[in-house]
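# Coordinate inspection notes
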Amino acid sequence: MAVPTRPAASTPPLPPLPLPRSPGGRQGKPPKKRRVNESVRTWRLTDRIGYVMMWAAGLLLCAIGIGILVYMAFKGLQYLRPDLLFSSPTADVDQSKSGGFLDPLLGTVLITLIGITIATPIAIAAATWIVEYGRPTWLARLIDSGIEIIAGTPDIVIALFGLVLFQQGIFGWMSFTAAGGAVFGRSFLTAGAMMSLIALPMVFAATREGLQSIPAHVREASYALGKTKAATIRRVLLPSVKANISTGAALGMGRIAGDTAIIVVLLGASLTLDPEGSVPGLNVLKGTGGTLTSYVYNNSPAGEGNAPQKAYAAAFVLLLIVLALNFAVDLIARSGAKTGLETSRLGAR
Amino acid sequence: MIDPHESTARQQHVTSEPANGVMPPPVRRITLDRQPTVALPPSQDAVAIANAGDRSLAAAARPARGIAGPERMTIDGLSVYYGDNHAVKNVSLPIRQGEVLALIGPSGCGKTTLLRTLNRLTELTGSARREGLITLDGEDIDSLEVTEHRRRVSMVFQQPNPFPMSVFDNVAYALREQGSKRPKKKVLEPYVVDALQRAGLYDEVSSNLDHPALRLSGGQQQRLCIARALAARPEVLLMDEPCSALDPKSTNVIEELIVELRKELAIVIVTHNLQQAYRVGDHVAFMYLGDLVEYGPTDQVFDNPQAARTRDYIGGAFG
């Protein structure tokens, strides 16, 4: 036998390790079943505490989420009437005459669309450049940090920065300009431009992650067919990350719809849409307005409207919009997992 | 190495507790005091037969060698460096139409690098540097526009990598020009069908050309990649271990395809599988640590290798 023999009895065998008996005292009772699963009673105390805390954390978050939803549904549905959705708000002390929140609802839709329309192409372009080109490295790192800074900046700071920026004379075409030449700086265009910064990091991160997960040989397969890098990006890579882009965009839209600071500072947070100028379409974009978030704020006991019932109704509608967007994210992510390139890697095995 | 004590203990454990009343088979310990004699079915393992010195059976198991046509590509004094790493050292090889050149050698010997250099994919690696001359039909490949060159020298990869689009679009992708004008589906269809037929896939996918390519099986995906590579009518087809991710049946289909395709184009195949090199290769080049150790007709390299390192590798001494 080629097995090396151990040095015979040069060291005495160790006594059995004095392990503590597992608590529970099971030897008294006869076991009911033959198969015994791992019992928590055999765990260390710290492990048991951790186990309980994990359960508790999950259940707590569940409870909070359901609590918000149920409370808002209860309060919102109590006051939500269909005519609220279709009538414009008016300033009136008498709540039966102050109208609904059609304008804020339209404002939310409009600002979300403007923001995501600006953010998505820029984010896709930046992510594609970082992953597919990314040279020189210092520039790639600089862009990465820049986007991280944007992502980390509080929205009120972005709003103030936007106000200072868009009050410059060259941005006069984006908002109301007073007789003396002073630029107001508040409009759907300026607010939408700053809102795009809220959504941009999410679309960027999702796109970059998607591109990075495409194996290198897929790109090489395209190059090996005599395709240029541009053709590869346009026809192979970007179509492959469609689901990632949609996920990022839906998340970004949720963030825009829920933002308040930029609305208050840059959109005027007025009760109704106030068009500016005479060109149809552009006048709305140049004008000020409000969204559901600013409407909720204004009608909460902290705001000037102080109509909590309407605030609850509007808040419930806002919650539904954001939940719908999150649900869309889930759906996209699930369908993307089925048709994405991951399947090809698995299918190869 | 198996610990004898532990092994005996396990044996006792197993025999003392018969599960469900059935005695398990006794544990037999493997002793290694002599080499195992493995009997292989004669048609399956040509190399084993080569070692045994009987060629007649093996020769019957493989298709006839291709007839070498004109030289399409010539590699002359090629060296490739990755930074300081000299990956391919002064290699010269001819690539002829109508035959399959099989590159064999242990991992990291530079055969894949050599293959990728042939359609200038190594240039995508920032640190790569190339010396020496490669010609395609007498023209220096550096003087050709790179996308034009890659359309003439196409490549199939180790992993099946169809693009996430339909079967039709995968093949059509290779045909569509890069310009703004995109030919209509009707115009492309005969070419796509032809490429799929040449890759032996058309009968399986003819009814669902619009289905996503990623739903196909692994072997079908790889044949789709071959169809895609053939669609642009290349003169040389490079294959980087095209069967290593596939099951034996798909491997067999693709090997038959390779033998069929060599009539019309020159094929260079990198493989880890010596039997595959023997089955499909007309010429074999053995590489070791970046050097081209031996190049010759397949029968000669396997039967009667000139270099000692080739003999050792084919005999299974290292790899």
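Residues numbered from 1 in each chain as written. Chains lettered and ligands numbered in written order. Predicted model: local features only at pLDDT ≥ 70, side-chain atom pairs only at ≥ 80, totals over all residues. Heavy atoms only, no water.

## Let's talk about the pairing of strand E4 (residues 128-136) of chain B
Residue and element names in this part refer to chain B. Basically, it comes down to this: By the convention used here, strands pair only if DSSP detects at least 2 bridges between them. Think of it this way: any DSSP run of H or I at least four residues long counts as a helix, any run of E at least two long counts as a strand, and we number them from the N terminus.
Pairing geometry for strand E1 (residues 71-82) and E4, over 8 bridges, is antiparallel. Residue pairing for E4: Asp76 is matched across the bridge by Leu133. Hairpin connection between E4 and strand E5 (residues 139-140): a loop of 2 residues separates the two successive antiparallel strands, and Asp137 in this loop has a positive phi of roughly 50°.

## Brief notes about the confidence of the model for chain B
All names here are of chain B. For clarity, the threshold we go by: A residue's pLDDT is the predictor's confidence in that residue, given on a scale from 0 to 100. Residues count as neighbours in contact if any of their non-hydrogen atoms are within 4.5 Å of one another.
Averaged over every residue, the pLDDT of chain B is 79; residues scoring 70 or more account for 76%. Long-range and interchain partners of residues 6-19, a stretch whose pLDDT sits below 50, account for 8 contacts in this model, where long-range means more than four residues apart. Low confidence marks residues 35-60, where pLDDT is under 50. Its contacts with residues over four positions away, or in another chain, come to 25 contacts.

## Observations concerning the pattern of salt bridges
Condition: In what follows, salt bridge is the name for a side-chain nitrogen of Lys or Arg lying within 4 Å of a carboxyl oxygen of Asp or Glu. Only protein chains enter the area calculation, which uses a 1.4 Å probe; residues under 20% of their type maximum are buried, those over 50% are exposed, and those in between are partly exposed.
Under the definition given, this model contains 21 salt bridges over all chains. Notably, a salt bridge pairs Arg81 of chain A with Asp83 of chain A, separated by 3.3 Å at the nearest N-O pair. Arg81 of chain A sits in the partly exposed class, given a relative accessible area of 44%. Of the charged contacts, one joins Arg120 of chain B and Glu123 of chain B as a salt bridge, the two residues approaching to 2.7 Å between their closest N and O atoms. Here the salt bridges do not stand alone but share partners, grouping Arg72, Asp137, Arg152 and Glu235 of chain B into one network.

## Regarding the UniProt feature "transmembrane region" (unreviewed entry) in chain A
Residue and element names in this part refer to chain A. Put simply, the rule reads: UniProt positions are given in the numbering used here, feature names are shortened, and annotations may be inferred rather than shown by experiment.
Within this structure's numbering, the places UniProt gives as "transmembrane region" (unreviewed entry) are residues 51-74, 105-131, 156-176, 188-207, 256-273 and 311-333. The annotated region residues 105-131 carries 100% helix and 0% strand content, and the separation between its end C-alpha atoms amounts to 38 Å. In residues 256-273, helix accounts for 44% and strand for 0%; the two terminal C-alpha atoms are 18 Å from one another.

## Points about the packing of helix H6 (residues 167-175) of chain B against helix H9 (residues 218-231) of chain B
Residue and element names in this part refer to chain B. Put simply, the test is: Axis definition: a line fitted to C-alpha atoms, limited for helices to the stretch in contact. Angles are taken between N-to-C directions and run from 0 to 180 degrees. We call two directions roughly parallel when the angle between them is under 35 degrees, roughly antiparallel when it is over 145, roughly perpendicular when it lies between 65 and 115, and oblique otherwise. Take the far helix as your reference; a near helix turned counterclockwise from it by less than a right angle gives a left-handed crossing, and one turned clockwise gives a right-handed crossing. We call Asp, Glu, Lys and Arg charged. Ala, Val, Leu, Ile, Met, Phe, Trp, Tyr, Cys and Pro are nonpolar, and the rest, Gly among them, are polar.
It is the contact of H6 with H9, at a shortest axis distance of 7 Å, that shows an interaxial angle of 30°. It follows that H6 is roughly parallel to H9 by the angle criterion. Seen from above, H6 lies across H9 with right-handed handedness. Across from Val167, Asn170, Val171, Ala174 and Leu175 in H6, the residues of H9 making contact are Leu224, Ala227, Arg228 and Ala231. A class-by-class count of the residues in the contact of H6 with H9 yields 7 nonpolar, 1 polar and 1 charged.

## Quick word on the pairing of strand E10 (residues 291-297) of chain B
Residues and elements named next belong to chain B. Of the strand pairs in this sheet, strand E9 (residues 283-288) and E10 are connected by 6 bridges, and their pairing is antiparallel. From the neighbouring strand, Ala285 faces E10, where its bridge partner is Tyr295. As consecutive antiparallel partners, E9 and E10 are separated by 2 residues, and within that stretch Leu289 has a phi angle of approximately 50°, a positive value.

## Here's the deal with the packing of aromatic side chains
Cut-off, in case you're wondering: When the centres of two rings from Phe, Tyr and Trp lie within 6.5 Å, Trp using its six-membered ring, the rings pair. Their planes under 30 degrees apart give stacked, over 60 give edge-to-face, and anything left gives tilted.
Tallied over the entire structure, the rule returns 9 aromatic pairs over all chains. Ring centres 5.2 Å apart and planes at 70° place the aromatic pair Trp43 of chain A and Tyr51 of chain A in the edge-to-face group. Residue classification places Tyr51 of chain A among the partly exposed positions, given a relative accessible area of 30%. Relative to Tyr313 of chain B, the ring of Phe286 of chain B has its centre 4.9 Å away and its plane inclined at 25°; by these criteria the two rings are stacked.

## Focus on unusual backbone geometry
Here the amide bond leading from Arg135 of chain A into Pro136 of chain A is cis, since omega sits at -5°, within 30 degrees of zero. We note that Arg120 of chain B has phi near 60°; this positive angle belongs to a residue other than glycine. Mapped onto the secondary structure, Arg120 of chain B falls in the loop between helix H4 (111-118) and E4. Of note in the backbone geometry, Leu289 of chain B takes a positive phi value of approximately 50° without being a glycine. Its place among the elements puts Leu289 of chain B in the loop between E9 and E10.

## Quick notes on the side chain of Thr135 of chain B
By the secondary structure assignment, Thr135 of chain B is in strand E4. Not counting chain neighbours up to four residues away, the residues in contact with Thr135 of chain B comprise Arg72, Met73, Thr74, Asp140 and Ile141 of chain B.

## Section: the side chain of Glu220 of chain A
The residue Glu220 of chain A is located in helix H7 (residues 216-224) in this model. When its relative accessible area of 14% is taken as the criterion, Glu220 of chain A is described as buried. Residue contacts for Glu220 of chain A: discarding those within four places in its chain leaves Arg116, Leu121, Leu124 and Phe157 of chain B.

## Digging into a nonpolar patch on the surface
Residue and element names in this part refer to chain A. Stated formally: Nonpolar side chains (Val, Leu, Ile, Met, Phe, Trp, Tyr) are joined into patches within 5 Å and like charges within 9 Å, using only residues with over 30% relative accessible area and no salt bridge. Calculation of accessible area relied on Shrake-Rupley with a 1.4 Å probe; when residues are assessed, cover is drawn exclusively from the protein chains displayed.
Judged by side-chain polarity, Val40, Tyr51, Val52, Met54, Trp55 and Leu59 come together as a nonpolar surface patch covering roughly 620 Å² of accessible area. Structurally, Val40 can be placed in the segment before helix H1 (45-79). According to the relative accessible area criterion, Val40 is partly exposed, its value standing at 32%.

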